[in-house]
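Chain residues, written in single-letter form:
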Amino acid sequence: MANAIINVTNLRLRTFIGFNPDEREKKQDVVINLEIHYPADDACKTDEVDQALNYKVITKEVISLVEQGHFLLLEKLVAEILAVCHAHPSVHYAKARVDKPHALRFADSVSLTLDWAK
């Protein structure tokens, strides 16, 4: 069985994230990384587009969710992104990581990772 792994790397978006008053009023940068696994036997054999997982569709759904959302916690944001990934029936494993740059004064970012398996 051919197990395909799609990686979406450093998807840079802006959203409302955090519970401090200034975070609730101003969008902040987030950096999203996704890892999505699905069986690719049919796509490998046939070279048919409809046999592959369309990562563009998933990415557009994530972009819409993030840019239109308001989140208090990274946990909620990452869980909702992960739900978008595993809503597709052929996905059997997904991992999502969200970095919040400049969240801490002396750190490049703070990140949270969640994964899901069928």
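Above: the structure in question.
Here the structure is a predicted model, which is why all the values come from computation and not from measurement. (Residues numbered from 1 in each chain as written. Predicted model: local features only at pLDDT ≥ 70, side-chain atom pairs only at ≥ 80, totals over all residues. Heavy atoms only, no water.)

(A) Region of interest: the overall build of the protein chain. When its secondary structure is counted, the protein chain shows four helices and five strands. Going from the N terminus to the C terminus, the protein chain shows its helices and strands as β-α-β-α-α-β-α-β-β. Each principal axis of the C-alpha distribution contributes one length, and for the protein chain these read about 55 × 25 × 20 Å. Taking all 118 residues of the protein chain together, 39% fall into the buried category. The long-range share in the protein chain, meaning contacts at least 24 apart out of those at least 6 apart in sequence, stands at 60%. Of the accessible surface of the protein chain, which amounts to about 7,400 Å², a share of 52% is contributed by carbon and sulfur atoms. (Helix = DSSP H or I, 4+ residues; strand = E, 2+ residues; numbered from the N terminus. Buried < 20%, exposed > 50% of the residue type's maximum accessible area, 1.4 Å probe, protein only. Contact = heavy atoms within 4.5 Å. Areas by Shrake-Rupley, 256 points an atom, 1.4 Å probe, with all protein chains shown as cover.)

(B) How the structure looks around the side chain of Lys 100. One can find Lys 100 in strand 4 (residues 93-101). Take Lys 100: its relative accessible area is 11%, and that puts it in the buried class.

(C) Examining the pairing of strand 2 (residues 28-39) more closely. Burial of strand 2 is extensive: 10 of the 12 residues sit out of reach of the surface. Note that strand 1 (residues 3-17) and strand 2 share 11 bridges and pair antiparallel. Directly across from Arg 12, in strand 2, lies its bridge partner Val 31. Relative to strand 4, strand 2 runs antiparallel, the two being bridged by seven bridges. Note on strand 4: the bridge partner recorded for His 37 is Tyr 93. (Pairing = 2+ DSSP bridges.)

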